Amino acid sequence: INENKNIVLITYIYENYMEDLRIQDVANKFKISIIELNRILLFQLEKNFEELLHFLRINKACEMLLKSDAAITDIGVMVGYNTVKTFNRNFVKLKGMTPIEYRNHSYNAIYF
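Please read all numbers here as calculations on a predicted model, not as lab measurements.

Asks: Pulling in residues and values, what's your account of the packing of aromatic side chains?
Replies: Working definition: an aromatic ring pair is given by the centre-to-centre distance plus the angle between the planes. One pass over the full model with this rule turns up 4 aromatic pairs. With 5.6 Å between their ring centres and 70° between their planes, Tyr12 and Phe30 make a pair best called edge-to-face. One end of the pair, Tyr12, is in helix α1 (residues 3-16); the other, Phe30, is in the loop between α2 (23-29) and α3 (34-45), and 18 residues separate them in sequence. Overall, the relative accessible area of 7% leaves Phe30 in the buried class.

So, in C-alpha cells, the structure goes:
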C-alpha cells in the first residue's frame, strides 16, 4: 500500500469516526486485510484501529463537554458510542476520570 493510500485511509477514519465505523468495513473499503489496516495505523499513528477510534471519539467528547450543555449520554451517542457504559469506560481509560468529573473539573479550572 502506498503513502497516498495511507493518507486517504487515515483521513477517512478522521472524517468518519463519529459514525458506526467498523474495522472490517474500513478494511473492505480500502481492499486490505484487518491486519494490514492495523499495521498501517500502528506505523503511522502508533495506535491500532480501536485505539484510534476511542482516542478521536473521547477527545471530541471532551471538546463537546466544555463547549455545550448537552447531556453526557447524548454526547456519548453523538461521538459514536452505542452505549453509555462503553462511552464511560473508554472515557475513564483515556482521561482518568468520568465525563461528569471532566466537565466539572474543567469548569472549575476555567472560572476559578
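Asks: Quick rundown of the side chain of Asn90? Include the residues and the values.
Replies: Counting through the fold element by element, Asn90 comes out in helix α6 (residues 84-95). Setting aside residues up to four positions removed in sequence, Asn90 forms contacts with His54, Ile58 and Tyr81.

Asks: Go over the nonpolar core with me, naming the residues and quoting the values.
Replies: Leu9, Ile13, Val26, Ile32, Leu37, Leu41 and Phe49 are the most contacted members of the largest nonpolar core, which totals 17 residues. Secondary structure elements with two or more residues in this core: α1, α2, α3 and α4 (49-67). A per-element tally of this core places α4 first, with 4 residues. Not counting the four nearest positions on each side in its chain, Leu41 is found in contact with Ile10, Ile13, Glu46, Lys47, Asn48, Phe49 and Leu52. Counting 12 residues, the second-largest nonpolar core is a separate cluster that includes Ile58, Cys62, Ile75 and Val79.

Reading guide: rules and limits
Residues numbered from 1 in each chain as written. Predicted model: local features only at pLDDT ≥ 70, side-chain atom pairs only at ≥ 80, totals over all residues. Heavy atoms only, no water. Phe/Tyr/Trp six-rings, centres within 6.5 Å; stacked < 30°, edge-to-face > 60°. Helix = DSSP H or I, 4+ residues; strand = E, 2+ residues; numbered from the N terminus. Buried < 20%, exposed > 50% of the residue type's maximum accessible area, 1.4 Å probe, protein only. Contact = heavy atoms within 4.5 Å. Core = buried A, V, L, I, M, F, W, Y, C linked by side-chain atoms within 4.5 Å.

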